[in-house]
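Listed below are the residues making up each chain.
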Amino acid sequence: MKKIILPLLGLLPLLTFAGGFQVNLQGNQQTGMGHLGTSFYLGASSAYFNPAMLGHGESKISVEAGANGITSYVIYQNQETGATAETDNPMGTPFHLYGSYRINDQITAGLAVYTPFGSSVVWGDDWDGKYLIQDISLSAIFIQPTFSIKASDKISVGLGLVYATGAFELNRAIAFQSSQSAYGQTNLKGNASGFGYNFGFHYKPTEKLNVGVTYRSGIKMALNGGDATFTAPKSTATNLPPTNKFDAELPLPGTTTIGLSYDVSEKLTVAIEYSRVAWDVYQSLDFDFETNTSALKDSKNARKYEASSIFRVGAQYKVNEKIIARAGAYYDQSPVQDEYFNPETPNTDNIGLTCGISYEISEKLSVDGSFLYIDGQERESYYTDPNNKSASAGGQNFGGKYKARSFIPGIGLRYNF
Amino acid sequence: MKNLKNLLYIIPLGLAVSCAPEFEDEITFTNGQADFTTYVAVGNSLTAGFQSSALRKVRQENSFPAILAAQFAEVGGGAFKQPLLADGVGIGSSLNAELKLAYTTDCKGKTSIGPVPSAAAGQADQFSPTTYIGANGPYNNVGVPGAKTYHLVASGYGNPANIAAGLANPFYARFANPANYDESVAAAVARTKPTFFTMWIGANDVLGYGLQGGEEGSDVITATATFNATYNMTLDSLLKSGAKGVLANIPNITSVPYFNVISRNGLELDANQAAQLNAAYAPYNSGIDAAVAGSLITPEQGNRRKISFTAGANRWVITDDKLNSIPGLPKSRQMRHNEHLIMVTPQDSLKCAGWGSSKGIPSNYVLTSDEVTKINTATNEFNNVIKTAASKHNLGFLDANKLMAEMESGLTYNGVTYSADFVTGGAFSLDGFHPSTRGYAIIANEFIDVINDKYGAKVRKIDPNSYEGILFPN
């Protein structure tokens with residue numbers, strides 16, 4: 001069953017909207033309340049949010065599936081020429097599938113399939129920054145077998161092992177002109193994979209207070225033997241072999257999260273979370289070409305990301321036996337420094353506002369709706385290429401003002417056997 | 001159930017209300033203290049828009065003054081009239097057409113791409129009095145290809161009657177004032193009463209010398225006193241109407257591809273060839289030793305004239321007329337680290353006729369270190385004159401010499417790196433010393449930076465990448 005679904009879904013582009021190219025949309029209930037869920041149980045999706053809590057449900061078997069539709073916009077304005085651009089991104093559709101099976105009172109096993117990283121940015125073929133990026137699509141699917149142990153009524157631990165598989169494609173223009181075409185084109189395309197792990201810890205010091213801690217490891221996505229295709233005037237072919245291969249490595253950052261939740265009453269739960277994302281692993285995006293020439297050296301692109309933080313707050317309220325309403329907000333720092341801001345990942349500091357609702361259709365089946373609005377804060381940033389001195393005023397290579405906005409409705413289903 | 005309905009209303013509402021974000025502030029472009037009503041550009045081929053060995057209409061339309069005038073138009077700039085040629089392949093100083101990049105095959109049968117004339121002949125009719133356009137003047141772009149500083153104040157420099165004698169310039173005669181052909185360029189531009197000007201002159205005062213490999217024929221380096229006097233005469237005539245403006249200095253011409261595209265280290269030999277050449281030069285080296293022994297030359301001079309080769313890259317052998325005469329020996333030596341071969345050195349002679357290996361490259365293709373020193377000294381002295389004038393009259397100053405130095409190591413605009421490398425560097429045209437269209441666009445941006453800084457203006461800059469680059473054959 002998985003084998004059929006995954007390749008199909010894998011083709012769908014995802015979209016940048018969290019720090020870097022992280023996609024934080026792993027459960028529609030959690031998304032509805034600021035995407036937090038480290039310290040409380042909301043079904044099989046705990047396999048992602050905190051594997052320690054996978055066994056905290058009442059049913060022997062739980063499954064959950066959900067998806068989101070991301071509509072996002074990034075706008076750009078050059079402060080010297082006044083030129084503007086706006087992305088024309090395809091709708092991103094990250095998804096998640098979870099299942100858990102309680103083996104005995106202590107041990108629960110689960111499987112999670114989710115898409116925590118991805119990006120799809122389309123600036124267009126002929127915008128000012130085309131020599132840096134025309135479009136990029138990056139998607140990663142994580143497959144995670146999970147085990148959870150309930151050590152006592154107050155303490156649980158969990159472990160997940162992750163296999164990540166992803167696809168990468170990038171287009172950018174190259175400055176070779178002929179009477180037929182104003183610029184050439186580089187296309188880099190390949191598949192990558194890597195392994196990682198995560199673990200979770202849950203502690204319930206009092207009846208009303210819950211504490212959760214998770215650590216998700218970083219993963220080095222290795223891309224080997226990708227296709228590098230160059231479209232350029234024929235007379236440049238000896239310097240720029242039209243077909244070539246390349247290797248690259250894309251590091252995905254580890255994340256440490258601590259969350260607290262408090263049951264104010266039977267009906268109302270409030271929660272806060274703090275995440276630290278180790279984006280500092282992403283220092284450079286390097287393409288190592290199989291065939292190098294005087295015009296085609298290995299491409300080293302400084303990224304110099306910094307570790308970033310996410311602060312979340314959310315609440316859920318049981319309206320009645322069937323309906324739960326949720327709301328939340330978060331602040332997600334951009335890991336990109338102002339001097340190394342590349343429009344390939346046009347990442348702003350983000351404020352996310354969320355709301356959501358769950359409806360219990362039957363005792364076994366529930367539906368979750370969520371809506372996330374992201375306001376990407378305006379920033380003036382430039383890309384500096386340390387390998388080349390730059391000419392624009394201020395000494396930078398390419399940049400200006402950027403601002404972003406996303407709308408993300410989502411829907412999920414849960415079924416308890 | 002009611003809440004669920006509410007949520008369903010909210011989702012489409014959120015999508016409909018506002019989609020793409022907008023920036024908080026709009027950018028406002030202003031002229032500051034500058035008045036661009038009447039902009040006049042004075043200079044040489046660089047101001048005219050000359051490139052790839054010719055002046056051509058489509059290049060004139062992208063001259064840096066034309067680009068500037070288009071940007072000034074947004075902040076109060078008036079009409080900008082250029083002495084455009086008719087459509088065509090362009091015309092150069094030897095009546096040639098513009099160069100283009102095409103496949104060429106060398107004496108060894110190897111095919112590569114290089115500059116070739118785009119047509120058998122240039123638009124010679126544009127130098128015929130019947131096509132003259134002076135009557136439609138005055139023109140705002142007074143860039144005269146080939147003009148030296150003193151030419152701008154010379155009476156009769158645009159008089160067609162003086163062309164045969166070499167006292168007038170056909171590029172100027174075609175648009176000079178027919179009512180008074182003897183009027184100097186300086187006097188002609190004063191009549192236009194500029195409110196703003198750019199003046200970029202002086203490169204030919206050193207360049208002509210270098211272009212011929214430093215041979216001192218008719219094209220000698222201008223005396224600094226002459227440069228100083230005539231530079232300021234032209235400037236004074238521009239300032240008569242109270243204009244503001246920018247002065248640009250002279251780039252270090254030895255950095256342009258024309259003097260660097262053929263490496264001084266370009267003689268590639270294998271071990272066998274090196275041994276054969278060493279054997280062939282053994283009698284020459286013995287002759288040098290004998291001359292040292294006979295005190296005809298000093299031991300130091302002897303060492304600098306001796307010739308040897310190794311497998312790999314070797315310095316070319318050149319003829320240096322300044323060397324002491326030694327009976328029976330040619331005036332040969334190998335090139336030194338700061339010396340340059342000029343781009344027009346015949347490649348086939350280097351590859352197949354033994355130039356630079358079995359015989360010395362003629363000195364008119366070589367800039368020797370002494371000649372480089374003369375060029376550098378003159379450039380520095382002229383640039384002092386320009387800097388002093390800019391300070392004295394409180395004018396904007398574009399350090400084109402510094403820009404040239406930066407270009408050598410590579411300058412990146414919006415992801416494209418431009419350098420002084422021939423063809424692949426993108427900044428220079430196919431003649432190796434005039435900028436390409438994108439090179440001129442970069443220069444226009446540099447002028448805008450100076451204007452914005454000096455006159456508190458915000459003139460809109462341009463994206464050099466959006467102009468035509470070097471066209472590669474398919």
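Residues numbered from 1 in each chain as written. Chains lettered and ligands numbered in written order. Predicted model: local features only at pLDDT ≥ 70, side-chain atom pairs only at ≥ 80, totals over all residues. Heavy atoms only, no water.

### Some words on the overall build of chain B
The condition that has to hold: The secondary structure listing takes helices from DSSP runs of H or I that are at least 4 residues long and strands from runs of E that are at least 2 residues long, numbered from the N terminus. Relative accessible area decides the class of each residue, using a 1.4 Å probe on protein chains only: under 20% of the type maximum gives buried, over 50% gives exposed, and in between gives partly exposed. Note on contacts: a residue pair qualifies if any of its non-hydrogen atoms lie within 4.5 Å across the two residues. Note on areas: these come from Shrake-Rupley sampling with a 1.4 Å probe, and a residue is covered only by the protein chains present in the view.
Helices and strands together make up the secondary structure of chain B, namely 14 helices and 15 strands. Referenced to the eigenvectors of the C-alpha coordinate spread, the extents of chain B come out at roughly 105 × 80 × 45 Å. Every one of the 474 residues in chain B was classed for burial, and the buried ones make up 54%. Pairs at least 24 apart in sequence give 74% of the contacts found in chain B among residues at least 6 apart. Summing over all exposed atoms, chain B offers an accessible surface of approximately 19,300 Å²; the carbon and sulfur share of this is 52%.

### As for the layout of surface pockets
To be explicit about the condition: A pocket, in this scheme, is an open set of points on a 1 Å grid over the protein atoms alone with protein on both sides within 12 Å along at least 5 of 7 lines, while a cavity is a set where a 1.4 Å probe fits but cannot get out; residues line either one if an atom lies within 4 Å of a point. Grid points are joined across faces, edges and corners, and a volume is the space filled by probe spheres set on the points. Basically, the charged four are Asp, Glu, Lys and Arg, the nonpolar ten are Ala, Val, Leu, Ile, Met, Phe, Trp, Tyr, Cys and Pro, and anything else, Gly included, counts as polar.
Here the second largest pocket is characterised by a volume of approximately 1,500 Å³. Taken together, the residues of the lining of the second largest pocket sort by class into 12 nonpolar, 16 polar and 16 charged.

### What about empty space enclosed by the protein?
With the rule as written, the count across this model stands at seven cavities of 30 Å³ or more. Here the largest cavity defines a volume of roughly 320 Å³. Taken together, 22 residues form the lining of the largest cavity, with Leu46(B), Pro251(B), Phe428(B), Phe433(B) and Pro435(B) sitting closest to its centre. At the level of secondary structure, the elements contributing two or more residues to the lining of the largest cavity comprise α2 (45-48), α7 (203-211), α13 (400-409) and α14 (437-455) of chain B. Looking at the lining of the largest cavity, the element that brings in the most residues is α13(B), giving four residues. A breakdown of the residues in the lining of the largest cavity according to their chemical character gives 17 nonpolar, five polar and no charged. If you add up the space inside the second largest cavity, you get close to 230 Å³. Along the walls of the second largest cavity sit 25 residues, with Gln22(A), Asn24(A), Tyr48(A), Arg216(A) and Thr255(A) positioned nearest its centre. Those elements that place two or more of their residues in the lining of the second largest cavity are α3 (46-49), β5 (107-122), β8 (184-203), β12 (255-263), β13 (268-277) and β16 (308-318) of chain A. Across the lining of the second largest cavity, the residue classes break down as 12 nonpolar, 10 polar and three charged.

### Structural notes on the interface of chain A and chain B
Counted only if it meets this: In this description, buried area is defined as the sum, over both parts, of the accessible area (probe of 1.4 Å) that is lost when the two are combined. Any carboxyl oxygen of Asp or Glu within 4 Å of a side-chain nitrogen of Lys or Arg constitutes a salt bridge here.
Listed per partner, the contact involves 49 residues of chain A and 44 residues of chain B. Here chain A meets chain B over a buried area of about 4,200 Å², counting both sides, of which 59% is carbon and sulfur. Taken together, chain A and chain B are joined by two salt bridges. Here Glu24(B) and Lys403(A) are joined by a salt bridge, their closest N and O atoms 4.0 Å apart. Of all elements in the fold, only β2 (71-77), β17 (323-332), β18 (350-360), β19 (365-383), β20 (389-390) and β21 (398-416) of chain A reach the threshold of two or more residues within the side of chain A that touches chain B.

### Some details on the domain arrangement of chain B
All names here are of chain B. The following threshold applies: Delimitation of the domains relies on an automatic or database domain assignment. Within 3.5 Å is the distance limit for a polar contact, defined as a pair of N or O atoms, with the added protein rule that one can donate a hydrogen and the other accept it, and that residues adjacent in sequence qualify only through two side-chain atoms.
Here chain B is described as being made up of domain 1 (39-256 + 372-466) and domain 2 (267-344). One C-alpha centre belongs to domain 1, the other to domain 2, and the line joining them spans 39 Å. Summing the contributions of domain 1 and of domain 2, the shared interface buries around 470 Å²; its carbon and sulfur component is 63%. Applying the counting criterion to the domain 1 and domain 2 interface returns zero salt bridges. Between domain 1 and domain 2 we count zero residue pairs in polar contact (both at pLDDT 80 or more) in total. Here the residues of the side of domain 1 that touches domain 2 are counted per class, giving four nonpolar, four polar and two charged.

### Quick word on unusual backbone geometry
Residues and elements named next belong to chain B. Omega for the peptide link from glycine 137 to proline 138 comes to 0 degrees, which places this bond in the cis form. Along the chain, proline 138 falls in the loop between β3 (111-117) and β4 (141-143). The phi dihedral of asparagine 414 falls on the positive side, at around 45 degrees, and the residue is not glycine. Along the chain, asparagine 414 falls in the loop between β14 (411-413) and β15 (416-418). By relative accessible area, which is 8% here, asparagine 414 ends up buried. In the Ramachandran plot, valine 423 falls in the positive-phi region, its phi being about 65 degrees despite a non-glycine side chain. Inspection of the secondary structure puts valine 423 in the loop between β15 and α14.

### Observations regarding the environment of Tyr331(A)
Residues and elements named next belong to chain A. In this structure, tyrosine 331 sits in strand β17. Linking tyrosine 331 and leucine 353, residues 22 residues apart in sequence, is a C-alpha distance of 9.1 Å. Ignoring sequence-local partners within four residues, the contact set of tyrosine 331 consists of Ser309, Ile310, Phe311, Asp349, Asn350 and Ile351. Among the polar contacts made by the side chain of tyrosine 331, one reaches the side chain of aspartate 349 at a distance of 3.4 Å.

### Things to note about the pairing of β18(A)
Residue and element names in this part refer to chain A. Note the following rule: Here, a strand pair is defined by DSSP locating no fewer than two bridges between the strands.
As paired elements, β17 and β18 share 10 bridges and run antiparallel to each other. Within β18, the position partnered with alanine 329 by the bridge is leucine 353. Both β18 and β19 contribute to a ladder of 11 bridges, which runs antiparallel. Its bridge partner lying in β19, threonine 354 is registered against leucine 372. Counting the residues that bridge the hairpin from β18 to β19 gives four residues.

### Section: the state of the cysteines
Linking two cysteines covalently through their sulfur atoms gives a disulfide. Applicable threshold: Criterion for a disulfide: a pair of cysteine sulfur atoms at a distance within 2.5 Å.
Counted under the stated rule, the structure contains one disulfide over all chains. The residue that forms a disulfide with Cys107(B) is Cys352(B), at a sulfur-sulfur distance of 2.0 Å. For the disulfide bridge between Cys107(B) and Cys352(B), the dihedral angle about the S-S bond is near 85 degrees, and by the sign convention the bridge is right-handed. A residue pair is termed long-range when its members are at least 10 positions apart, and Cys107(B) in the loop between β2 (99-105) and β3 and Cys352(B) in helix α11 (residues 347-352) qualify at 245 residues. Looking at Cys107(B), the relative accessible area reads 35%, which means it is partly exposed. Under the relative-accessibility criterion, Cys352(B) is labelled partly exposed at 43%. Counting only cysteine sulfurs, Cys19(B) is the nearest neighbor of Cys355(A), a cysteine outside any disulfide, at a range of 17 Å. We classify Cys19(B) as partly exposed; its relative accessible area is 31%.

### Brief notes about the pattern of salt bridges
Evaluation of the coordinates by the stated rule reveals 21 salt bridges over all chains. With its nearest N and O atoms 2.8 Å apart, the salt bridge here joins Lys306(B) to Asp289(B). Of this pair, Lys306(B) sits in the loop between α10 (299-305) and β8 (312-314) while Asp289(B) sits in helix α9 (residues 271-293), and the two are 17 residues apart along the sequence. The partner of Arg333(B) in a salt bridge is Asp320(B), with the nearest N and O atoms 3.0 Å apart. Highlighted residues: Arg333(B) in strand β10 (residues 332-334) and Asp320(B) in the loop between β9 (317-319) and β10, separated in sequence by 13 residues. The class for Arg333(B) is buried, based on a relative accessible area of 1%. Salt bridges linked by common partners bring Glu378(A), Lys401(A), Lys403(A) and Glu24(B) together as one network.

### Describing the confidence of the model for chain A
All names here are of chain A. Where we set the bar: Confidence of the predictor at the level of single residues is captured by pLDDT, which takes values from 0 to 100.
When pLDDT is averaged along chain A, the result is 89; 92% of the residues meet or exceed 70. Long-range and interchain partners of residues 1-18, a stretch whose pLDDT sits below 50, account for 57 contacts in this model, where long-range means more than four residues apart. Note on residues 389-395: pLDDT under 50 across the span, and 20 contacts to partners over four residues away in sequence or across chains.

### Focus: the sheet that holds strand β6 (residues 244-248) of chain B
Residues and elements named next belong to chain B. Formally: To get an axis, a line is fitted to the C-alpha atoms, and for a helix only the part in contact is used. The angle between two axes follows their N-to-C directions and goes from 0 to 180 degrees.
The strand order across the open sheet formed by five strands is β4-β1-β5-β6-β13, and the pairing between neighbours is parallel. The open sheet has two edge strands, β4 and β13 (396-398), and neither has a second partner. Direction aside, neighbouring strands of the sheet carry axes that sit 15 degrees apart on average. Where α14 meets the sheet, it contacts β5 (196-200), β6 and β13, and its direction lies at approximately 150 degrees from that of β13.

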